[in-house]
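Each chain is listed here by its residues.
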Amino acid sequence: MSRIRMGAGAIALTCALLGSVAGPVTAEQTGQLTVALAAESTTMDPAKYSAGVDQYFIGTMFEMLVKPMPDGTVQNWLAEDWSIDDSNPDKPIIDVHIRPGVTFHNGDPLTSEDFRFSYERQADPNVSRWSHLQANVEEFEIVDDLHFRLHFSKPDAAYIANYLQLWAMPKKYFEQVGEEGFGQHPVGTGPWKFNSRKVKEELRLEAYDGYWNKDHHPTVKDLVIKIIPEDLTRVAALKTGEVDWIDNVPPAMLEDVKSQPNVATAAMPSGNNLFLDMDTIPEGPLQNVKVRQAIAYGIDMDAIIETVLFGQGIRYAEVSKDGTGYDPDLKPYPYDPAKAMQLMAEAGYPQGFDIDCYNLITPREPNMKEMGEAMYAYLGTIGVRCKVINLEYGAWINLGRRDEKTDQLNGGLLSWMWGQSIPADPTIAWGGHLHSYEPGKGWGSYSHVNDPEFDKMIEDASGEMNQDKRVAKLKEIAKRKHELVLGGLTTYQPLVTMAWNDTKVDYTPWPYPGFWRNFQEIGLKTQN
Amino acid sequence: MTRFVLRRVLQGMFSILGASVIIFVVTRLSGDPVVLMLPPEAPEAMVSQMRERLGLDLPIWQQYFMFLSDAVTGDFGNSYRWEMPVLELIRERLPATIYLASAALVFSLMLSIPFGVLSAVWRGSWFDRFAKGVAMLGQAMPNFWVGLLLIIVFAIGLEWLPAYGADTPKHVILPAIALGWYPVAAQTRIVRSAMLDVLDSDYIRMGRSVGVPEGVLIWKYAFRNAAVPLVTMMGVYFASMLGGAFVVEVVFAWPGLGRTVVEALFARDFPVVQAGVLFAALMFVAANLVVDLSYGLIDPRIRNDR
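Note that this is a predicted model, so its numbers are computed, not measured.

K.L.:
Explain the nonpolar core to me, please; I cannot follow it from the model alone.
P.N.:
One broad rule of soluble globular proteins: the nonpolar side chains tend to lie buried together. Among the nonpolar cores identified, the biggest contains 99 residues, and Ile 246 of chain A together with Phe 76, Ile 151, Met 195 and Leu 230 of chain B are the most heavily contacted of them. Counting residues per element, this core draws most heavily on helix α5 (residues 86–121) of chain B, at 16 residues. Those residues in contact with Met 195 of chain B that sit more than four places away from it in its chain are Val 117, Ala 120, Ile 218, Ala 222, Phe 223 and Ala 226 of chain B. Residues Leu 150, Val 187, Ala 207 and Trp 245 of chain A belong to the second largest nonpolar core, which totals 76 residues.

K.L.:
It is not clear to me how the interface of chain A and chain B should be interpreted in this structure. Could you clarify?
P.N.:
Much of the literature gives interface size as the accessible area that the parts lose upon coming together. Taken together, the 48 residues of chain A in the interface contact 44 residues of chain B. Taking both sides of the interface into account, the surface hidden between chain A and chain B amounts to around 4000 Å²; carbon and sulfur atoms contribute 56%. For the salt bridge of Arg 93 of chain B with Glu 201 of chain A, the shortest nitrogen-to-oxygen distance reads 3.7 Å. Where chain A packs against chain B, one counts seven residue pairs in polar contact (both at pLDDT 80 or more).

K.L.:
Is there a simple way to explain the packing of aromatic side chains in this structure?
P.N.:
Residues and elements named next belong to chain A. Counted by the stated rule, this structure contains 38 aromatic pairs over all chains. Between Tyr 119 and Phe 140, the ring centres sit 5.7 Å apart and the planes meet at 25 degrees, which makes this aromatic pair stacked. Placement of Tyr 119 in helix α3 (residues 112–122) and of Phe 140 in strand β7 (residues 137–144) is noted, with a sequence separation of 21 residues between them. Since its relative accessible area comes to 12%, Tyr 119 is described here as buried. When its relative accessible area of 7% is taken as the criterion, Phe 140 is described as buried. In textbook terms, an aromatic cluster arises when at least three aromatic residues are bridged by ring pairs, as seen for Phe 62, Phe 117, Tyr 173, Phe 174 and Phe 182.

K.L.:
When you look at the packing of helix α8 (residues 289–297) of chain A against helix α10 (residues 337–346) of chain A in this model, what are you seeing that I'm missing?
P.N.:
For any two helices packed against each other, the geometry comes down to the angle between their axes and how far apart the axes lie. Residue and element names in this part refer to chain A. It is at 8 Å that the axes of α8 and α10 come closest, and there the two elements cross at 165 degrees. It follows that α8 is roughly antiparallel to α10 by the angle criterion. For the crossing formed where α8 meets α10, the hand is left-handed. Only Pro 337, Lys 339, Ala 340, Leu 343, Met 344 and Glu 346 of α10 make contact with α8, whose side of the interface consists of Lys 290, Gln 293, Ala 294 and Tyr 297. Broken down by class, the residue content of the contact of α8 with α10 amounts to six nonpolar, one polar and three charged.

Criteria and cut-off values
Residues numbered from 1 in each chain as written. Chains lettered and ligands numbered in written order. Predicted model: local features only at pLDDT ≥ 70, side-chain atom pairs only at ≥ 80, totals over all residues. Heavy atoms only, no water. Core = buried A, V, L, I, M, F, W, Y, C linked by side-chain atoms within 4.5 Å. Buried < 20%, exposed > 50% of the residue type's maximum accessible area, 1.4 Å probe, protein only. Helix = DSSP H or I, 4+ residues; strand = E, 2+ residues; numbered from the N terminus. Contact = heavy atoms within 4.5 Å. Buried area = accessible area lost by both parts, 1.4 Å probe. Salt bridge = Lys/Arg side-chain N within 4 Å of Asp/Glu carboxyl O. Polar contact = N/O pair within 3.5 Å; in protein donor to acceptor, adjacent residues only side chain to side chain. Phe/Tyr/Trp six-rings, centres within 6.5 Å; stacked < 30°, edge-to-face > 60°. Axes fitted to C-alpha atoms, helices over the stretch in contact; angles between N-to-C directions. Parallel < 35°, antiparallel > 145°, perpendicular 65-115°, else oblique. Left-handed = near helix turned anticlockwise from the far one by under 90°. Nonpolar A, V, L, I, M, F, W, Y, C, P; charged D, E, K, R; others polar.

Written out as structure tokens, the structure reads:
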């Protein structure tokens, strides 16, 4: 039997980090902190997870089998150990041992039954909006209270890319209170337990003193999460001391915030990877690789990031620096307008051409509208004359999707993005926007590319559950994608900045914006 | 009077029904909410299943009648986004919006009544020009911008008032000013011109000649009559406050209905938008009804005419 053990080194590190024996938090937790977020979760039930924003609240109270750490590595979390049994490569098995001694906030111990219950809810399309991600699990086998196996009908790399995508949910408690009761008073294993919530106003949490992780836990007793959507108001609340910590400092106000006395800031890449999508329909100019390369050379992204985004962005080439399949040899295209003009002429467009360029105007990432406008303006200088069409979020999503019932790009350009957590794994994203569109099969749902070679490469990588082999395959795809400028021209990752009162708050930033808002490690400074 | 009230109530019901049809059709013109609810790679079978679950696969007229028949029983369905009863969301949020709109209306009247009355009494004076200036300033600036300025000056600069939230009576002051400043100009004009008419009338001149103190004459006798046109417009002002609150609530993180409906609009959360607009229409109609009735009470001539 061939057995691939995942994260053997990681397990050793985890043991060192977490302590070899799980047990409740021992340090006394006192005091209260108030933090302010720009947006809030729509649900507190992990099975009803809808979008990245839901991670904000869910992640404070609920946990998964593995978790990205502050240093960017993914470590075992509720899983003490897990491995892939690929003795039958067509039907792999993920074998999981749960960490012993973990309890839910109501005192119930965490068992395999809870994970099976979680799987069943997450696989039910009437409950979960992500049920398709469980589609390849054909059997959930319980070996004992702390040991279970996931039997797959076919290899599924996305399952690993999504942190083994099972949230620990308490079966017994859920059955006692029902779905509505669970949503109103959630109970998980996380560092924070639910206290109260006023929708669109605040969430009150209390540090769980029975929390299993002795090394990574809050040291403050009460946490109040306020919702303040307006940027200036949120910054004002920090300045006046009404709140102690804020997220999403707008780039234009960053210098002002940093200049405040006793304010600390930390910036992290947003979970979104932005790119300029190009519709390569046969009758359009973008089907010509030289035109696509000209566009890549024709935009001065560094200058745009510096001026429009006040430096709050990082360039990347296909895969971000901390992502799966990152290749340090792959560099973003440099700004070279002369070369761009030459490529345009070689492609048969010495006089340029007119094209529809679609831009998102609803706030989603800082200054995204202005970033799009600047990129399209640069293109005008090399003869790609954009007719800029502004879209609100719904229309933008519609246009991105390859649904025949909605409007299509028709050979145009679209400022778009993909998000797959941090560390980013492009397996799922490329299946969506680089693989050819195959209705009903889940491939190319928002793809404007038709390339059989890529289809083969992506399908191959998507079925590769061995991490090392998948990384090699992703690098190959990234290289070819970069050369051909297909599946979009990767532009930048926005940086998201949080700020806090440094005299009062002791805070360890965790990666991925969703996780840093989970306040795994936060406390009052005077206590330390 | 009973016939008058009944007629007004009936007209109000037709207005609400009309608003419900318009908002029902307009929301559906904005696109498919399921596209925003499911991830892009969701299989088409899942998309169809979700549409079916939400009843969005039915003809629009059928969807409307289902909505209407449920709405009259107080059931506005569940929010697509929040997966909770819409009525619950509205019940929690509406009082905060009414509170803010009322506070803003009180603020606007606190400015416009003395401005209007004293501008008429001291016509052409420096105060007349000053009042006009202050009132016009409120009309010239968008309320969200006024809100941000107020935060910078009174919360960050002077540290007198909180920047956001709704925990104490102090919290309502800045949002009420931001919201209530805009109609001050119009209200001042109404009071001023009405006062000018009244101050020029025989009974005021008579009062003055028999030695009625000027203060009593202005505030007790003149203003009472001059207030009639202002009261007439009060329903419209209150409704405009409710509309304006949508933006001000976002600026001050005020937990009201406006913010909820604006976010629902972007998310194509049809049930919340429909119910939110319907409740806003209901309040608009109710406010105008109350004004109509009070107008009749203030001015007996009108009551008798009807």
